[in-house]
Amino acid sequence: MPITLSKSVHQVIREVGEVGQYLWQKGWAEKNAGNLSVDITDHIAITPAKLKKFPVKPIAGLLPEFAGRSYLVTGTGTRYRDIQNHSSECLCVLQISGDAKGFHLFWGGKREGFKPTSELPSHLLMQNSLRKSGAKEKVVLHTHPNELIALTHLSETAGEEKLNYALWSMIPEAKIYVPRGIGWVPYRLTASQELAKETVKALERKHKVVMWEKHGVLAVGKDAIEAFDLIDAMNKAAILYLLCKQTGQTPQGLSREQIDEIGRMFAPKD
Ligand SMILES: [Zn+2]
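Everything numeric in this text was worked out from a predicted model, so none of it was measured.

1. Some details on the sheet that holds strand 6 (residues 139-143)
Next up, step 1: Taken in spatial order, the nine strands of this open sheet run 2-5-4-3-1-6-9-8-7, and their pairing is mixed. The outermost strands of the open sheet, each flanked by one partner alone, are strand 2 (56-58) and strand 7 (183-185). Ignoring strand direction, the axes of neighbouring strands in this sheet form an average angle of 25 degrees.
Next up, step 2: As defined by bridge partners, strand 1 (residues 35-39) adjoins strand 3 (residues 70-74) across three bridges and the pair is classed as antiparallel. Within strand 3, the position partnered with Asp39 by the bridge is Tyr71.

Here it is in structure tokens:
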């Protein structure tokens, strides 16, 4: 028996589809790269009796506090570019079971052999970190923005301090939109627990954008559009930096004093 989702969840799905198109158009979502989760617990009302009709699929290592939480997540092997026109094949809605040993998948996943993203345990760790800190962010988005990744390969811009200075120095909005800068996670194996744990530490330091060295970016936002915008703003700064370098010169950049002045004028309120 199909479950009818609320208007608010359909709106979330529409936004995710829209962002999927942006990521594809930007060239940040080759093949099935990237994944996304949204905590939609506040928008889901499903009775235990109905939920029971959807068998529990096991998932290891969850803390009891996950029980009953509901998430919209991308599927393993699905493409960001397909979400807008095939949302129920590329996405699913799941609720963690009462004993937190598995999840009920009760919407979407309409594809042969569908499974939620293989990064689900990592997403849940990050979602839990956001929730425990009282953050307003509900969306965790991972993608591969070209120019930002390129900067992690250059010794002059690799590392948190050097990367943020290079980006902030390119255009005032980089400091205004991402005032705490991008959190830096040194290279870790894709989909590893180490990568997830280092990312959680960066989120705990209140970074909303986290760079995975030589891999990609993870951003959080109140909605998918906000998470995308933060990455887009910082990737624009990365493009400017590389454009300047292509002339064979080193960009002048805003001075540290000018960046600090922007920081004081536009200090984050949270
Ligand atoms: Zn990736």
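Anyway, onward from the coordinates.
2. Points about the domain arrangement of the protein
Next up, step 1: The assigned domain composition of the protein is domain 1 (7-136) and domain 2 (145-265).
Next up, step 2: Its C-alpha centre places domain 1 at a distance of 26 Å from the equivalent point of domain 2.
Next up, step 3: With 16 residues of domain 1 at the interface, the matching set in domain 2 holds 22 residues.
Next up, step 4: Taking both partners together, domain 1 and domain 2 bury about 1,700 Å²; carbon and sulfur atoms supply 72% of that area.

3. Thoughts on the coordination of the zinc ion
Next up, step 1: The zinc ion binds to the protein through His142 (NE2), His144 (NE2) and His215 (NE2); the donor distances cover 2.1 to 2.2 Å.
Next up, step 2: In the primary sequence, the donor residues of the zinc ion line up as H-x1-H-x70-H. Linking His142 in strand 6 with His215 in the loop between strand 8 (209-212) and strand 9 (216-221), this pair joins segments that are 73 residues apart in sequence.
Next up, step 3: For His215, a relative accessible area of 13% translates into the label buried.

4. A word on helix 10 (residues 256-265)
Next up, step 1: Those residues of helix 10 lying buried are Ile259, Ile262 and Gly263. Down the axis of helix 10, the sector holding all buried residues measures 100 degrees, keeping them to one side. Looking at helix 10, the residues exposed on the side facing more than 90 degrees away from the buried face are Glu257, Arg264 and Met265.

5. A few points about the packing of helix 1 (residues 7-26) against helix 9 (residues 224-246)
Next up, step 1: The interhelical angle for the contact between helix 1 and helix 9, taken along N-to-C directions, is 20 degrees, at an axis separation of 9 Å. As far as their axial angle goes, helix 9 and helix 1 are roughly parallel. Note on element contacts: helix 9 touches helix 1 through Ala224, Ile225, Phe228 and Asp232, opposite Glu15, Val16, Glu18, Val19, Tyr22, Leu23 and Lys26.
Next up, step 2: Here the residues of the contact of helix 1 with helix 9 sort into seven nonpolar, no polar and four charged.

6. Considerations on the nonpolar core
Next up, step 1: Formed by 56 residues in total, the largest nonpolar core has its most connected members in Val16, Leu72, Phe106, Leu141, Leu148 and Leu167.
Next up, step 2: Broken down by element, the residue count for this core peaks at 10 residues, all from helix 9.
Next up, step 3: Residue-level mapping places this core at the junction of two domains, with at least three residues from each of domain 1 (7-136) and domain 2 (145-265).
Next up, step 4: When neighbours within four sequence positions are excluded, Leu148 is seen to be in contact with Leu167, Ile182, Met211, Val217, Ile231, Met234, Asn235 and Ala238.
Next up, step 5: Ranked by size, the runner-up nonpolar core spans 14 residues in total, among them Cys92, Ala100, Phe114 and Leu124.

7. Some remarks on the pattern of salt bridges
Next up, step 1: Evaluation of the coordinates by the stated rule reveals 11 salt bridges.
Next up, step 2: Salt-bridge contacts for Lys26 lead to Asp232; the nearest nitrogen and oxygen are separated by 2.9 Å. Taken as a pair, Lys26 in helix 1 and Asp232 in helix 9 lie far apart in primary sequence, 206 residues in all.
Next up, step 3: Among the residues examined, Asp232 registers a relative accessible area of 22% and is labelled partly exposed.
Next up, step 4: The network of salt bridges with shared partners includes Arg188, Glu198 and Lys201.

8. Here we look at the state of the cysteines
Next up, step 1: Here the structure, examined in full by the defined rule, presents zero disulfides.
Next up, step 2: Note on Cys92: no disulfide assigned, nearest cysteine sulfur contributed by Cys90 at a separation of 11 Å.
Next up, step 3: Assessed through its relative accessible area of 0%, Cys92 is described here as buried.

9. Considering the packing of aromatic side chains
Next up, step 1: For the coordinates displayed, the defined rule picks out three aromatic pairs.
Next up, step 2: Between Trp28 and Phe228 the ring centres are 5.8 Å apart and the planes differ by 35 degrees, which places this aromatic pair in the tilted class. With a gap of 200 residues between them, Trp28 in the loop between helix 1 and strand 1 and Phe228 in helix 9 connect regions that are remote in the sequence.
Next up, step 3: A connected cluster of aromatic rings, assembled from ring pairs, spans Tyr22, Trp28 and Phe228.

Rules of the game
- Residues numbered from 1 in each chain as written.
- Predicted model: local features only at pLDDT ≥ 70, side-chain atom pairs only at ≥ 80, totals over all residues.
- Heavy atoms only, no water.
- Pairing = 2+ DSSP bridges.
- Helix = DSSP H or I, 4+ residues; strand = E, 2+ residues; numbered from the N terminus.
- Axes fitted to C-alpha atoms, helices over the stretch in contact; angles between N-to-C directions.
- Domains from an automatic or database assignment.
- Contact = heavy atoms within 4.5 Å.
- Buried area = accessible area lost by both parts, 1.4 Å probe.
- Donors = N, O, S within 2.8 Å, 3.2 Å for Na, K, Ca; no water.
- Buried < 20%, exposed > 50% of the residue type's maximum accessible area, 1.4 Å probe, protein only.
- Arc of directions from axis to C-beta.
- Parallel < 35°, antiparallel > 145°, perpendicular 65-115°, else oblique.
- Nonpolar A, V, L, I, M, F, W, Y, C, P; charged D, E, K, R; others polar.
- Core = buried A, V, L, I, M, F, W, Y, C linked by side-chain atoms within 4.5 Å.
- Salt bridge = Lys/Arg side-chain N within 4 Å of Asp/Glu carboxyl O.
- Disulfide = S-S within 2.5 Å.
- Phe/Tyr/Trp six-rings, centres within 6.5 Å; stacked < 30°, edge-to-face > 60°.

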